[in-house]
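Residue-level structural notes
Single-letter residue listing:
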Amino acid sequence: MRLEVLFFGVLRDRFGERETLAQFPGNSVADLVRYYRVIAPELGELWSSVAVAVNQQYSRASAPLQNGDQVALLPPVSGGSFRNIHAD
Amino acid sequence: MQIELVYVPIDAAAVLSGVKAGEDGAVTVFDGIVRNNTKGRQTRYLEYSAYEDMALDQMRALGAEAIQRFGVRNVAMVHRLGHLEVGETSILIAVASAHRGVTFDACRWLIDTLKQQVPIWKKEVFVDGAVWAPGEPFPAEIALG
């Protein structure tokens, strides 16, 4: 299937803003995360903390993908202002 | 309800005057500003970026939920994106209602919830390097599960 994939935050530094996968072989959100995890294993722990939006809706790992979907890979968000408790 | 992402300084006075009406007895404002350090490391400036369409949808949904959940009359949420200097406002939230108690509660809930789930990211540029803020873990209902 054909997917448009968007990257944000630290993932944008690694993959750029977006790419089109003309013939993605998988079926689910989990398959897509696994696909990029294999490409960039150096991102390590980040891969277990990302969320995924399919057509701008947060989606579960088991959610199916369909031809033409826009899928966004989202690192933990950090909007607002005050210091978050996990900063090091 | 005023919900916006902007690339220019936020006009707090305009947001405040826009959110309130004759029947309100209170407005609670949260003004989030860029701090000059992270744990002693000196910040030069911040870069905020967003998945803009989704962030606006999420902010509208949060505003509507705040009105329903807390019974407040009106909500304004404006987040700035792009390059921000120390001391500038990154987010302004204003909640108006007849009585003050619910405006405090709704304002606190809005900033806490926005920070967990609205797709906005912060890059911190220090005098000696730059990092993406690590962010908070996604809530269970949003995480991949």
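The structure we're discussing is the one just above.
Residues numbered from 1 in each chain as written. Chains lettered and ligands numbered in written order. Predicted model: local features only at pLDDT ≥ 70, side-chain atom pairs only at ≥ 80, totals over all residues. Heavy atoms only, no water.

Topic: the overall build of chain A
This is how the line gets drawn: The helix count covers DSSP runs of H or I at least four residues long, the strand count covers runs of E at least two residues long, and both are numbered beginning at the N terminus. The globule rule used here is 2.2 Å times the number of residues to the 0.38 power, and the radius of gyration it is set against is calculated over C-alpha atoms.
Within chain A, the regular secondary structure consists of 2 helices and 5 strands. Ordering the α and β elements of chain A from the N terminus gives β-α-β-α-β-β-β. For 88 residues, the compact-globule estimate of 2.2 N^0.38 gives 12 Å, and the C-alpha radius of gyration of chain A, at 13 Å, lies within 12% of that figure. C-alpha extents for chain A along the principal axes are approximately 40 × 25 × 25 Å.

Points about unusual backbone geometry
This is how the line gets drawn: Residue burial is assigned from relative accessible area. The probe radius is 1.4 Å, only protein chains are included, and a residue is buried under 20% of its type maximum, exposed over 50%, and partly exposed in between.
With a phi angle near 50°, Asn55 of chain A is a residue other than glycine that sits in the positive phi range. With relative accessibility at 40%, the residue Asn55 of chain A sits in the partly exposed group. A positive phi is found at Lys39 of chain B, a non-glycine position, where the angle reads about 50°.

A few points about helix α3 (residues 100-117) of chain B
Think of an α-helix as turning once every 3.6 residues; residues three or four places apart then point the same way. What counts is decided by this rule: An expected span of 1.5 Å times one less than the residue number is assigned to each helix. We call two residues in contact when some of their heavy atoms are within 4.5 Å.
With 18 residues, α3 of chain B should reach 26 Å at 1.5 Å per residue; the first-to-last C-alpha distance of 26 Å fits that figure. Of all the positions in α3 of chain B, only Thr103, Ala106, Cys107, Trp109, Leu110, Ile111, Thr113, Leu114, Lys115 and Gln117 of chain B are classed as buried. Close packing links the buried residues of α3 of chain B with β4 (57-59) of chain A together with β2 (26-33), α2 (52-70), β5 (74-80) and β7 (89-97) of chain B.

Overview of the packing of α2 of chain B against α3 of chain B
All names here are of chain B. Where we set the bar: Interaxial angles span 0 to 180 degrees and are taken between N-to-C directions of axes, which are lines fitted to C-alpha atoms, for helices over the stretch in contact. Between 65 and 115 degrees an angle is taken as roughly perpendicular, under 35 as roughly parallel, over 145 as roughly antiparallel, and anywhere else as oblique. Here is the rule for handedness: rotate from the far helix to the near one, and if that takes an anticlockwise turn smaller than a right angle the crossing is left-handed, while a clockwise turn gives right-handed. Just so you know the grouping, Ala, Val, Leu, Ile, Met, Phe, Trp, Tyr, Cys and Pro go in nonpolar, Asp, Glu, Lys and Arg go in charged, and all remaining residues, Gly too, go in polar.
Contact geometry of α2 with α3 gives a least axis separation of 10 Å together with a crossing angle of 150°. By the angle between their axes, α2 is roughly antiparallel relative to α3. Crossing of α2 over α3 shows right-handed handedness. Within the contact between the two elements, α2 uses Gln58, Met59, Leu62, Gly63, Glu65, Ala66, Arg69 and Phe70 and α3 uses Val102, Asp105, Ala106, Trp109, Leu110, Thr113, Leu114 and Gln117. Residues belonging to the contact of α2 with α3 are distributed by class as follows: 9 nonpolar, 4 polar and 3 charged.

With respect to the interface of chain B and chain A
Here is the rule: Reported buried area values correspond to the accessible surface (1.4 Å probe) lost by two parts on association, with both partners' losses combined. Think of a salt bridge as a Lys or Arg side-chain nitrogen and an Asp or Glu carboxyl oxygen that are within 4 Å of each other. Within 3.5 Å is the distance limit for a polar contact, defined as a pair of N or O atoms, with the added protein rule that one can donate a hydrogen and the other accept it, and that residues adjacent in sequence qualify only through two side-chain atoms.
On the side of chain A, 33 residues touch chain B, which itself brings 43 residues to the contact. Of the roughly 3,400 Å² buried between chain B and chain A on both sides combined, carbon and sulfur atoms contribute 57%. On the surface where chain B and chain A come into contact, there are 1 salt bridge. The residue Asp13 of chain A makes a salt bridge to Lys123 of chain B at a minimum N-O spacing of 3.5 Å. Counting every contact that joins chain B to chain A gives 16 residue pairs in polar contact (both at pLDDT 80 or more). Contributing elements (two or more residues each) for the side of chain B that touches chain A: β2, β3 (37-38), β4 (41-50), α2, β7, α3 and β8 (120-126) of chain B. Looking at the side of chain B that touches chain A, its residues break down into 22 nonpolar, 10 polar and 11 charged.

Thoughts on the sheet that holds β4 of chain A
Residue and element names in this part refer to chain A. We apply this condition: Paired strands, in this sense, are two strands between which DSSP finds at least two bridges.
Spatially, β2-β1-β5-β3-β4 is the arrangement adopted by the 5 strands of the open sheet, whose pairing is mixed. Each end of this open sheet is capped by a strand with a single partner; those strands are β2 (18-21) and β4. The average angle at which neighbouring strand axes cross in this sheet is 30°, direction not considered. Where strand β1 (residues 3-7) and strand β5 (residues 70-74) come together, 4 bridges link them in parallel fashion. Among the inter-strand pairings, Leu6 is bridged to a residue of β5, identified as Ala72.

A look at the nonpolar core
Nonpolar side chains in soluble globular proteins generally cluster together in the buried interior. The condition is simple: Here, nonpolar core means buried Ala, Val, Leu, Ile, Met, Phe, Trp, Tyr and Cys residues that are tied together by side-chain atoms lying within 4.5 Å of each other.
In this structure, Met77, Ile93, Val95, Leu110, Leu114 and Ile120 of chain B are the most contacted members of the largest nonpolar core, which totals 28 residues. Where this core is concerned, the elements lending two or more residues are β1 (2-6), β4, α2, β5, β7 and α3 of chain B. Look past the residues within four positions of Ile120 of chain B in its chain and what remains in contact with it is Val77, Ser78 and Gly79 of chain A together with Leu5, Tyr48, Ser49, Ala50, Ala55, His79 and Leu81 of chain B. Ranked by size, the runner-up nonpolar core spans 23 residues in total, among them Leu11, Leu21, Val29 and Leu65 of chain A.

Here we look at the pairing of β8 of chain B
Every regular strand shows the same layout, with side chains that alternate between the two sheet faces. Residues and elements named next belong to chain B. Here β8 lies mainly inside the structure; 6 of its 7 residues are buried. Across 7 bridges, the pairing between β4 and β8 is antiparallel. Paired with Leu46 across the strands is Glu124, a residue of β8. The hairpin turn running from β8 into strand β9 (residues 129-132), its antiparallel successor, is 2 residues long.

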